[in-house]
Each structure stands twice: as C-alpha cells, then as structure tokens.
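Structural description and commentary
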Amino acid sequence: MSIWVLRGLRDGVVTTRWPRKPDQYADSWRGPAIVASGAATSEAVMAEGAELEWLCPTGAIEVIDQLRVDQGRCILCGRCIAARPDLFAWSAGATGPTAAAVVRPALVVPAQPETDQAVAAARTALARRTAALRRSVHVRHVDAGSDGSEEWEIQALLGPVYDVHRLGVFFTASPRHADVLLVTGAGTVGMSGPLRTTYEGMPDPKVVIAVGADAVSGGLLSDRLSGVAGSVPVDVWVPGSPPSPFALLNALLIATGRLGPEAGR
Ligand code: SF4
C-alpha cells in the first residue's frame with residue numbers, strides 16, 4: 001500500500017467546511033493593524049500627529065481629524081504595535097465577512113461616516129452585475145509585480161485543505177473563459193498593458209479582485225507605484241500581506257454574490 005493511501009487513512013478528510021461551517025483556523029489568521037479602542041480622538045494623540053505617522057513605512061497611519069489606519073496600505077510589519085501598543089493592535093477576524101471591501105475607502109479604520117452609503121451602493125451594483133455568476137466561476141490570475149507571497153496563498157486554494165473546486169471556482173489560463181480577474185502585485189508599469197489587455201479580453205459580466213496590500217496600494221513601493229486600480233476597475237479589495245487563503249475564498253464569494261447582501265465592507 002502506498003504511503004499516500006496510508007496517510008489518507010490516518011488523516012481522514014482534511015478539507016475545510018468553511019464557509020458552511022466555522023473553521024477555527026480561519027479566525028486565527030492575523031489581520032492588518034487597527035486603532036486600539038478609545039485611542040482615535042484623544043488630545044494626546046492629536047498632539048503627536050506626525051510622530052505617529054512616521055512609524056509606518058508605507059504611510060498607512062494618518063492623523064488628520066483623528067488617528068486612522070489605512071488597512072489597504074498595511075504590510076503587517078508590526079512596527080506601530082511594537083512601538084505603541086496603547087494605540088495600535090492587530091485586527092481579529094481577518095477572514096470574516098468584513099475582511100474584504102467593496103469600496104477602497106472602507107479599508108480605512110475607524111471608517112469615515114460617509115463610507116457606509118458608498119458600501120451599500122457598491123454592494124447593490126455588484127450584486128446586480130454578477131447575478132449570473134452564482135453557480136460556477138472561472139478565475140484568471142495575473143501577477144502585476146508581486147513579491148510571490150500572494151501566489152503561495154492562491155496556490156494553497158487548489159490543495160486538499162481549501163479545495164476551491166468544491167465551491168465551483170476554477171482557474172483558467174484564458175481571459176476569454178474567465179469571469180473573475182484576480183490581480184496581485186504593486187502594478188508595475190510593464191504589466192499595466194498586459195493587465196488591461198487581459199481585462200478587455202474577458203466577457204461581461206466580469207469582476208476584478210485586488211489581492212493584498214501591494215495590489216491595493218503599492219504596499220512597500222507605494223512611493224512609486226499605486227497598485228492596480230489605475231489599470232483595471234477594482235470591485236473587491238482584499239487587504240493583507242499576504243491575505244490568507246480564507247480571505248481569498250471570502251473575496252471570491254463576495255465577488256460572486258454568494259455571501260449574502262451584508263458581506264464585504
Ligand atoms: S505597515 Fe506596519 S507600521 Fe504600518 S500600520 Fe501596518 S503594522 Fe503598523
């Protein structure tokens with residue numbers, strides 16, 4: 001008997017039941033930084049202003065009317081939390097229904113008051129546009145200047161633990177067969193044209209998911225590159241560096257309207 005058969009008998013079924021059933025591992029993944037509760041508007045914080053902003057290598061921390069973190073820029077380096085644990089913390093539930101955003105400003109926490117309306121409008125528009133994609137979708141992945149970390153997590157989706165095929169999600173090499181464009185990387189100049197060509201080659205309706213801080217904002221290269229939104233219209237923004245496979249599953253289900261009207265922020 002081969003070693004793989006013996007291993008299969010020993011381990012049993014390893015495939016997660018998420019999202020049908022909760023998975024303990026899904027919520028144990030570390031999410032981007034947040035502002036610790038009660039710290040956002042205190043007078044002492046306002047006085048520190050620029051000093052706090054300088055803590056972050058990607059410009060994710062801003063102090064204007066209050067202290068905020070742009071999770072779309074957070075590369076999870078931990079510098080702010082190590083320096084000021086009284087002001088910053090890791091977010092929990094990184095793969096929950098609010099992990100991905102359907103509008104870019106929703107990744108800024110605490111949220112701006114006007115963001116809720118924009119989220120509601122974006123959810124409705126996305127649901128209407130993707131109503132035909134509910135049963136089975138094909139995904140084209142394009143690397144627009146990634147460091148390779150997001151690719152590892154995408155690859156994990158095809159393994160026995162996440163098994164993305166059980167959700168009717170399949171990867172394809174051809175834009176002509178794709179419903180979803182999954183983009184990683186900081187949006188390099190050289191990849192802008194090929195990315196646009198891929199998008200234009202896809203049939204309607206189509207959805208674009210920006211995966212990870214690099215694709216959302218340029219990440220560590222954000223002083224030179226600004227992510228992929230300049231090349232293709234992004235519908236779902238996934239923070240993280242890299243996002244977990246659960247976060248990717250979550251984004252795919254939001255993009256295809258399978259997590260209900262409240263999913264995504
Ligand atoms: S990138 Fe680092 S310093 Fe900036 S918000 Fe994230 S954890 Fe904090």
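Here the structure is shown first, and the text comes after it.
**A closer look at the sheet that holds strand β7 (residues 169–171)**
Strand pairing within a sheet occurs via backbone hydrogen bonds; the two strands may be parallel or antiparallel. If you trace the five strands from one edge of the open sheet to the other, you get β7-β6-β8-β9-β10, paired in parallel fashion. Edge positions in the sheet fall to β7 and β10 (236–238), since each of these pairs with one other strand and no more. Each strand of the sheet is rotated relative to its neighbour by a mean of 25°, with strand direction disregarded. One ladder, built from four bridges, connects strand β8 (residues 180–184) with strand β9 (residues 207–211); its direction is parallel.

**Focus: a nonpolar patch on the surface**
There is a patch of nonpolar side chains on the surface, built from Val 5, Leu 6 and Leu 9 and spanning about 300 Å² of accessible area. Residue position: Val 5 is located in helix α1 (residues 3–11).

**A word on the sheet that holds strand β3 (residues 67–70)**
Pairing is antiparallel across the open sheet formed by three strands, whose spatial order is β2-β3-β5. Edge positions in the sheet fall to β2 (61–63) and β5 (108–109), since each of these pairs with one other strand and no more.

**As for the pairing of β3**
Side chains of β3 alternate between two faces, with Leu 67 and Val 69 and Arg 68 and Asp 70 buried alike. Where β2 meets β3, three bridges bridge the pair, whose relative direction is antiparallel. Note that in β3 the partner of Val 63 across the bridge is Leu 67. Remark: three residues form the turn of the hairpin made by β2 and β3, two consecutive strands paired antiparallel. Direction of pairing for β3 relative to β5: antiparallel, over a ladder of two bridges. What sits directly across from Asp 70, in β5, is Val 108.

**Notes on the pattern of salt bridges**
When the charged atoms of two side chains with opposite charge come close together, those side chains can pair. This structure, assessed with the given rule, holds eight salt bridges. Between Arg 10 and Asp 11 there is a salt bridge, with the nearest N and O atoms lying 3.0 Å from each other. Arg 10 sits in the exposed class, given a relative accessible area of 62%. A salt bridge links Arg 68 to Asp 65, with the shortest nitrogen-to-oxygen separation between them at 2.8 Å. Classification of Arg 68 as buried rests on a relative accessible area of 3%. Put simply, Asp 70, Arg 73 and Arg 104 are held in one network by salt bridges that share partners.

**Some points on unusual backbone geometry**
Most peptide bonds are trans, and most residues other than glycine sit at a negative phi. The step from Val 109 to Pro 110 runs through a cis peptide bond, and the omega angle for that step is -15°. Note on placement: Pro 110 falls in the loop between β5 and α5 (115–129). Residue Pro 205 is bonded to the preceding Asp 204 through a cis peptide linkage, with omega at -5°. Tracing the sequence through the fold places Pro 205 in the loop between α7 (189–201) and β9. Of note, Leu 76 is a non-glycine position whose phi angle comes to about 60°, a positive value. Looking at where Leu 76 falls in the secondary structure, it is placed in the loop between β3 and α4 (79–83).

**Quick word on α7**
Taken together, the buried positions of α7 are Leu 195, Thr 198, Tyr 199 and Gly 201. When α7 is viewed along its axis, its buried side chains cluster within an angular range of 160° and face the same direction. For α7, the exposed residues set more than 90 degrees away from the buried face come down to Val 189, Thr 197 and Glu 200. Where α7 is buried, its residues contact β6 (137–143), β8 and β9.

**Details of the site of the ligand**
For the ligand, the set of nearby residues contains 13 residues, the closest of which are Cys 56, Cys 74, Cys 77, Gly 78 and Cys 80. When grouped by side-chain class, the residues that make up the shell around the ligand number ten nonpolar, two polar and one charged.

**A look at the nonpolar core**
By size, the foremost hydrophobic cluster in this structure holds 52 residues, and its most contacted members are Leu 181, Leu 195, Ile 209, Val 228, Val 236, Leu 249 and Leu 252. Listing elements by their share of this core, those giving two or more residues are α5, β6, β8, α7, β9, α8 (212–217), β10 and α9 (245–255). Considering each element in turn, this core owes the most residues, nine residues, to α9. Core analysis: the next-biggest nonpolar cluster, separate from the first, contains 19 residues, Ala 39, Val 45, Leu 87 and Phe 88 among them.

The rules behind each value
- Residues numbered from 1 in each chain as written.
- Predicted model: local features only at pLDDT ≥ 70, side-chain atom pairs only at ≥ 80, totals over all residues.
- Heavy atoms only, no water.
- Pairing = 2+ DSSP bridges.
- Helix = DSSP H or I, 4+ residues; strand = E, 2+ residues; numbered from the N terminus.
- Axes fitted to C-alpha atoms, helices over the stretch in contact; angles between N-to-C directions.
- Patch = residues over 30% accessible without salt bridge, like charges linked within 9 Å, V, L, I, M, F, W, Y side chains within 5 Å.
- Areas by Shrake-Rupley, 256 points an atom, 1.4 Å probe, with all protein chains shown as cover.
- Salt bridge = Lys/Arg side-chain N within 4 Å of Asp/Glu carboxyl O.
- Buried < 20%, exposed > 50% of the residue type's maximum accessible area, 1.4 Å probe, protein only.
- Arc of directions from axis to C-beta.
- Contact = heavy atoms within 4.5 Å.
- Near = heavy atom within 4 Å.
- Nonpolar A, V, L, I, M, F, W, Y, C, P; charged D, E, K, R; others polar.
- Core = buried A, V, L, I, M, F, W, Y, C linked by side-chain atoms within 4.5 Å.

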